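# Results of the structural survey
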Amino acid sequence: MCPFFIQKICLFQKKIVSSQDIFDYTFMMIHITLPDGAVKSFEKGVSAMDVAKSISEGLARNVLAAKFNDQIIDALKPLETDGHLRLLTWNDTEGKHVFWHSSAHILAAAVEALYPGVKFGIGPAIENGFYYDIDFKEHSVTPDDFAKIETKFLELAAQKTVFNRKDTPKCDALDFFTKKGDEYKLELIGELEDGTISLYESGDFIDLCRGPHIPDTSVIKAVKILNLAGAYWRGDEKRKQLTRLYAISFPKQKELADYLVMLEEAKKRDHRKLGKELELFVFSQSVGQGLPMWLPKGAALRERLENFLKRAQKKAGYQQVQTPHIGDVNLYKMSGHYEKYGKDSFQTINTPFEGEEFLLKPMNCPHHCEIYKTKPRSYKDLPLRYAEFGTVYRYEQSGELHGLTRVRGFTQDDAHIFCTPDQLKEEFKAVIDIILYIFKTLDFKDYTAQISLRDPNNTTKYIGSNENWERSEGAIVEAAAEKGLQTVTEVGEAAFYGPKLDFMVKDAIGRKWQLGTVQVDYNLPERFDLEYIGSDNQKHRPIIIHRAPFGSMERFVAVLIEHTGGNFPLWLTPEQFIVLPISEKYVDYANKVARDLELSDCRGTVDERNEKTGKKIRDAELNKIPYMLVVGEKEAAEGTVSVRKRGEGDLGAMSVEAFANLVNEEVRKMIE
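Conventions adopted
Residues numbered from 1 in each chain as written. Predicted model: local features only at pLDDT ≥ 70, side-chain atom pairs only at ≥ 80, totals over all residues. Heavy atoms only, no water. Axes fitted to C-alpha atoms, helices over the stretch in contact; angles between N-to-C directions. Helix = DSSP H or I, 4+ residues; strand = E, 2+ residues; numbered from the N terminus. Left-handed = near helix turned anticlockwise from the far one by under 90°. Contact = heavy atoms within 4.5 Å. Nonpolar A, V, L, I, M, F, W, Y, C, P; charged D, E, K, R; others polar. Pairing = 2+ DSSP bridges. pLDDT = per-residue confidence, 0-100. Salt bridge = Lys/Arg side-chain N within 4 Å of Asp/Glu carboxyl O. Buried < 20%, exposed > 50% of the residue type's maximum accessible area, 1.4 Å probe, protein only.

Describing two packed helices takes the angle between their axes plus the distance from one axis to the other. Between helix α5 (residues 93-114) and helix α6 (residues 146-157), whose axes approach to 9 Å, the crossing angle comes to 115 degrees. The interaxial crossing formed by α5 with α6 has right-handed handedness. Packed against α5, whose contacting residues are Ser103, Ile106, Leu107, Ala109, Ala110, Val111, Ala113 and Leu114, the element α6 presents Lys148, Ile149, Lys152, Phe153, Leu156 and Ala157 at the interface. Split by residue class, the contact of α5 with α6 holds eleven nonpolar, one polar and two charged.

Next up on the list: the sheet that holds strand β30 (residues 543-548). In a beta sheet, neighbouring strands are held together by backbone hydrogen bonds and run either parallel or antiparallel to one another. Judged by pairing direction, the sheet is mixed, and its eight strands sit side by side in the order β18-β22-β23-β30-β27-β26-β24-β25 without closing on themselves. Across the chains shown, the open sheet's two edge strands, defined by having one partner strand only, are β18 (319-320) and β25 (487-491). Pairing of strand β26 (residues 500-506) with strand β27 (residues 512-521), which is carried by six bridges, proceeds in the antiparallel orientation. Its bridge partner lying in β27, Val505 is registered against Trp513. Sheet contacts for helix α11 (residues 296-315): β18, β22 (384-393), β23 (409-419) and β30; angle to β22, the most-contacted strand, approximately 160 degrees.

Right, let's talk about the confidence of the model for the protein for a bit. Model confidence for the protein is summarised by a mean pLDDT of 91, while 96% of its residues fall at 70 or above. Put simply, helix α1 (residues 3-13) is where the protein has its lowest mean pLDDT, 44, and strand β28 (residues 532-533) is where it has its highest, 98. Residue range residues 20-24 is modelled with pLDDT below 50. Its contacts to residues more than four positions away, or to other chains, number two contacts.

A separate point is the pattern of salt bridges. Side-chain pairs of opposite charge can arise whenever the charged atoms involved come near each other. Under the defined criterion, the tally for this structure stands at 54 salt bridges. In this structure, Lys137 and Asp135 form a salt bridge, with 3.5 Å as the shortest nitrogen-oxygen distance. Taking relative accessible area as the criterion, Lys137 reaches 36% and is therefore assigned partly exposed. By relative accessible area, Asp135 is classed as buried at 5%.

Below, the discussion takes up the sheet that holds strand β34 (residues 640-645). Pairing is mixed across the open sheet formed by five strands, whose spatial order is β32-β31-β33-β34-β35. The sheet is open, and its two borders are formed by β32 (604-606) and β35 (649-655), each paired with just one other strand. Each strand of the sheet is rotated relative to its neighbour by a mean of 25 degrees, with strand direction disregarded. Inspection of the sheet shows β34 paired to β35 by six bridges, in the antiparallel sense. Paired with Arg644 across the strands is Asp650, a residue of β35. Contacts from helix α19 (residues 587-599) reach β31 (577-581), β32, β33 (627-631) and β34, with the element oriented near 160 degrees to β31. Of the strands in this sheet, β31, β33, β34 and β35 touch helix α22 (residues 656-671), which is tilted by about 120 degrees from β35.

This next bit is on unusual backbone geometry. In this chain, Gly211 is followed by Pro212 through a cis amide linkage whose omega measures 0 degrees. That bond from Leu382 to Pro383 is cis: its omega, 5 degrees, falls within 30 degrees of zero. Inspection of the secondary structure assignment puts Pro383 in the loop between α14 (365-372) and β22. Its identity is not glycine, yet Asp443 carries a phi of approximately 65 degrees, on the positive side. Note that Asp443 resides in the loop between α15 (424-441) and β24 (446-453). Among the residues examined, Asp443 registers a relative accessible area of 41% and is labelled partly exposed.

If you want it as structure tokens, here you go:
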């Protein structure tokens with residue numbers, strides 16, 4: 001029973017209750033709304049953990065933190081006002097984030113216990129696990145030391161230490177870290193305002209931290225240090241290089257074991273490894289870091305992906321455009337991209353004409369806005385759908401570059417739809433159709449759509465009228481529902497210029513990737529003064545829908561390589577077949593077979609090496625070629641091929657025409 005009602009009963013029994021007593025106790029109560037809509041009353045100062053215990057002890061044991069009025073808080077923090085409460089467990093992304101952030105503190109405590117005098121940078125949670133940047137001073141750490149650190153970590157975690165938050169005056173925080181001699185924390189504190197600084201104490205370890213944290217350390221049962229790397233302090237290559245320890249932790253040992261198995265599978269699927277083995281792309285220090293070069297097989301694969309989307313876009317009424325790789329710097333200042341990406345872009349390009357500056361384009365949108373403005377527009381012209389595979393450039397830090405997933409030059413499958421408010425919902429649904437078509441064709445079956453809306457309690461940070469926001473948010477929500485999407489809604493996660501829909505896709509081994517994105521934009525039409533004449537003969541602003549189903553060609557190919565393990569679908573694979581003559585006598589026939597198949601829109605090569613057929617078959621399997629066509633005396637005499645399918649074995653002999661029909665029919669079914 002709620003403490004409030006127990007107290008009221010006691011007062012009535014003692015016959016001392018009065019209207020003033022009831023008012024006083026009512027004033028001491030707060031009302032907590034749970035995710036199912038149920039409202040519970042508690043005394044002020046109740047914690048999320050207390051609320052969990054009032055529901056069930058089992059739930060309370062699993063609570064890691066809480067979300068109160070859209071703010072993630074410690075589960076033990078006293079609640080003083082009415083609000084909406086969601087209890088966070090390991091099953092919630094936010095719960096994992098808090099779990100891993102707390103684990104970073106324990107990692108730092110373990111390192112400090114083993115290596116006295118070390119200094120600490122930052123230690124955030126990341127998508128999978130956490131890291132801590134550490135200045136080991138005179139100590140040196142190698143992978144051989146990981147087990148020792150992990151043992152100390154688990155020893156500290158088992159002590160059931162509580163994370164205590166201390167809101168601290170800036171002078172006290174500076175004094176503490178000055179005495180400790182931790183210059184990195186002092187630099188961070190120096191940038192904070194007084195009244196905003198908090199420290200967290202867990203055992204003997206104290207860290208500068210906003211929190212929140214798990215209730216105590218005992219819920220962490222397994223940890224693994226995965227890697228170490230160099231990381232410049234604050235990402236500045238001119239600053240000292242610290243040692244970054246990457247790690248991950250779990251509430252159960254079995255979950256760690258399963259994760260390590262997944263990591264081993266991920267290593268086999270690493271797009272950097274397979275990209276080299278399959279001769280798809282390369283990087284060259286002479287060309288520059290983060291600038292991939294596509295080899296013939298990779299370029300052909302990428303071209304097929306582009307043509308696949310271009311066909312879908314043509315059916316959907318898109319017009320293909322092409323814009324320069326550079327633009328006047330004032331174009332990006334007008335759009336706002338210079339302010340947003342200026343620090344992460346390449347330096348401006350100066351021309352012989354004084355004061356003239358260009359920039360490698362960071363986004364395609366401003367160029368498409370300028371195309372829209374080339375002539376007056378009427379509502380009858382809308383929607384206008386401009387699509388471009390446009391290459392953009394961002395100067396990513398060298399330590400952040402990673403194969404094709406993080407590069408400095410990449411091509412977006414960009415499109416911008418200029419439409420009226422009344423057209424927004426149907427256009428949004430049509431974009432979803434294209435994204436789902438791509439997912440279906442490429443066998444991405446497990447995905448979630450995240451709807452990002454504005455914060456209704458802080459509308460000042462967004463542009464556009466309330467009416468347009470309500471209409472666009474409603475359009476996105478309705479479009480997602482009508483398409484039967486599995487969705488999650490994040491309030492306050494909209495871009496300042498409009499709501500958006502992001503597709504989070506799980507690959508074949510369970511990793512999440514963001515692939516498709518659709519965004520509604522009021523900002524650029526305002527900045528570029530875009531207009532159309534409406535049916536009322538008045539000027540109106542169009543709304544822009546930004547969409548990129550692939551995201552970027554580089555990142556999408558990387559994800560596709562890792563999702564398929566390099567076993568691309570037949571319509572996409574660089575080589576659909578390889579002809580294997582059993583001896584040099586049949587090379588001419590093998591080449592004739594290859595030429596005939598090429599005339600039937602099949603792709604492949606001939607293995608002319610003087611090797612045994614068994615070795616040729618094994619090599620073709622390793623190169624992930626779907627079909628192997630063995631030819632010898634019988635096949636040459638009968639005009640046939642002996643067909644083997646990768647992973648299935650011998651399919652028997654068939655004519656060249658029959659094999660071509662088999663391949664083309666299989667492809668047709670895949671992309672219809």
